[in-house]
Amino acid sequence: MGKKTQLANPTSERKSLLLIYTGGTIGMIKDARTGQLKPFDFNRLLDEVPELHKFDLDIDSHAFDTPIDSSDMHPAIWLQLAHLIGFHYDAYDGFVILHGSDTMAFTASALSFLLENLGKPVVLTGSQLPIGTIRTDGKENLITAIEIAAASKNGKPLVPEVCVYFEYRLYRGNRTHKFNAEHFRAFQSPNYPLLAEAGIHLNYNEAAIATAPTKKLRVHTTLDPRVAVLKLFPGITPEVVDAMLGIKGLQALVLETFGSGNATTEAWFVDALEKAIKRGLLILNITQCAAGRVEQGRYQTSSQLKKIGVVGGSDMTTEAALSKLMFVLATTADKRKIPVVLRKSLRGEMTV
Ligand code: ASP
């Protein structure tokens with residue numbers, strides 16, 4: 001994966017960052033023939049941001065050989081990114097990942113689980129308009145993301161966690177959700193406060209930022225992709241539910257329920273879920289609401305789920321729930337312990 005470019009002259013005292021370019025709108029151009037946006041070469045992207053050379057930082061870059069639209073993102077690439085960060089971890093003070101906004105929250109969530117005991121910033125950013133366009137939001141996003149990744153206090157990184165920076169706001173990565181396909185403010189973190197806000201000053205919300213771990217970084221190398229998401233809707237039929245629960249090899253299902261974790265009380269539905277759980281399928285209940293959390297047992301329509309062994313996912317986003325399942329399935333040897341692990345907050349991804 002990719003080639004390295006050096007953007008500044010190294011001196012030993014200066015902070016150093018690794019800028020990883022995966023693709024996304026930030027580095028796209030309009031195809032002259034079709035008018036569609038497609039990824040272009042990383043060095044041309046850097047030409048658009050001469051400001052990068054003004055930083056008193058050593059910035060190396062690593063570009064994917066073939067930049068991708070983030071709709072083509074895949075767990076295998078999350079593993080490659082985690083490996084890349086682990087491989088270069090000691091050599092850099094922080095990492096910035098340029099990534100399409102469409103699946104940025106998934107990648108940020110997955111990386112938060114894969115990089116256990118992370119003690120340095122990993123900041124994902126991108127843009128809604130390509131960096132070469134006059135009104136691009138990409139420049140500010142990139143420049144401030146770099147500043148955040150290099151920020152320290154008393155010699156320690158200010159934000160030692162995986163985060164997303166977009167449109168003047170810094171979010172915890174695994175609390176983030178893309179909610180707007182058009183506005184520059186494309187992300188929100190409905191259940192967790194901002195980690196920082198950029199105005200004239202960069203104001204860090206230190207109380208909300210993770211404390212640096214005392215243990216050494218551990219980069220996990222496996223994920224189990226045998227998971228799926230089922231979003232409930234009024235009128236959902238046994239055919240739809242059975243088709244999902246019957247997927248060959250499926251290990252876990254994210255169930256997107258109504259409100260605080262509620263689902264239809266129809267007997268066929270509860271029976272189907274109960275049978276699947278008895279067969280060994282894990283079912284994790286999260287809400288389809290943008291904010292708030294699942295409280296199984298608050299209503300009759302959720303206490304039945306609790307009774308049959310559906311695991312309550314509190315206020316996790318779909319992105320965090322899905323990647324947490326992939327991670328926990330791959331890393332928990334004793335399958336009976338998985339529900340217990342899922343109920344814990346592993347990387348600040350949920351309120352417990
Ligand atoms: N389709 C693009 C992507 O996710 C959108 C973006 O970058 O904002 O790669």
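The structure displayed is predicted, hence computed values, not measured ones.

(A) Focus on the overall build of the chain. Scanning the chain for helices and strands turns up 9 helices and 21 strands. Taking 352 residues into account, the globule formula puts the C-alpha radius of gyration at 20 Å, and the chain, at 21 Å, falls close to it. Counting only C-alpha atoms, the chain reaches 65 × 55 × 35 Å along its principal axes. Looking at the chain as a whole, 53% of its 352 residues are labelled buried. Intrachain contacts of the chain at a sequence separation of at least 6 include 74% that bridge at least 24 residues. Entry remark: accessible area of the chain is about 16,100 Å², with carbon and sulfur atoms responsible for 52%. Looking at the chain, you have 39 positive and 36 negative side-chain charges, and the mean spots of the two groups are 7 Å apart.

(B) Expanded view of the sheet that holds strand 21 (residues 311-312). If you walk across this open sheet you meet the 4 strands as 18-19-20-21, and the pairing is parallel. Because the sheet does not close on itself, it has two edges, and the strands there are strand 18 (227-231) and strand 21. Pairing of strand 19 (residues 252-257) with strand 20 (residues 282-287) involves 6 bridges; the strand directions are parallel. Residue pairing across strands places Val254 opposite Leu284, the latter belonging to strand 20. Its contacts with the sheet place helix 5 (residues 238-245) against strand 18, strand 19 and strand 20, and it is angled at close to 165 degrees to strand 18.

(C) Here's a closer look at the site of the ligand. In the region of the ligand, the neighbouring residues are Gly24, Thr25, Asp69, Ser70, Gly100, Ser101, Asp102, Ser127 and Gln128. A distance of 2.5 Å is found between an oxygen atom of the ligand and a side-chain nitrogen or oxygen belonging to Ser70. When the ligand is considered free in solution it has 270 Å² of accessible area, and contact with the protein chains removes 91% of it. Residue composition of the shell around the ligand, by class: no nonpolar, 7 polar and 2 charged.

About the criteria used
Residues numbered from 1 in each chain as written. Predicted model: local features only at pLDDT ≥ 70, side-chain atom pairs only at ≥ 80, totals over all residues. Heavy atoms only, no water. Helix = DSSP H or I, 4+ residues; strand = E, 2+ residues; numbered from the N terminus. Rg over C-alpha atoms; globule rule 2.2 N^0.38 Å. Buried < 20%, exposed > 50% of the residue type's maximum accessible area, 1.4 Å probe, protein only. Contact = heavy atoms within 4.5 Å. Areas by Shrake-Rupley, 256 points an atom, 1.4 Å probe, with all protein chains shown as cover. Lys, Arg positive; Asp, Glu negative; His and termini not counted. Charge placed at Lys NZ, Arg CZ, Asp CG, Glu CD. Pairing = 2+ DSSP bridges. Axes fitted to C-alpha atoms, helices over the stretch in contact; angles between N-to-C directions. Near = heavy atom within 4 Å. Polar contact = N/O pair within 3.5 Å; in protein donor to acceptor, adjacent residues only side chain to side chain. Nonpolar A, V, L, I, M, F, W, Y, C, P; charged D, E, K, R; others polar.

Worth remembering: the numbers are spatial, not functional.
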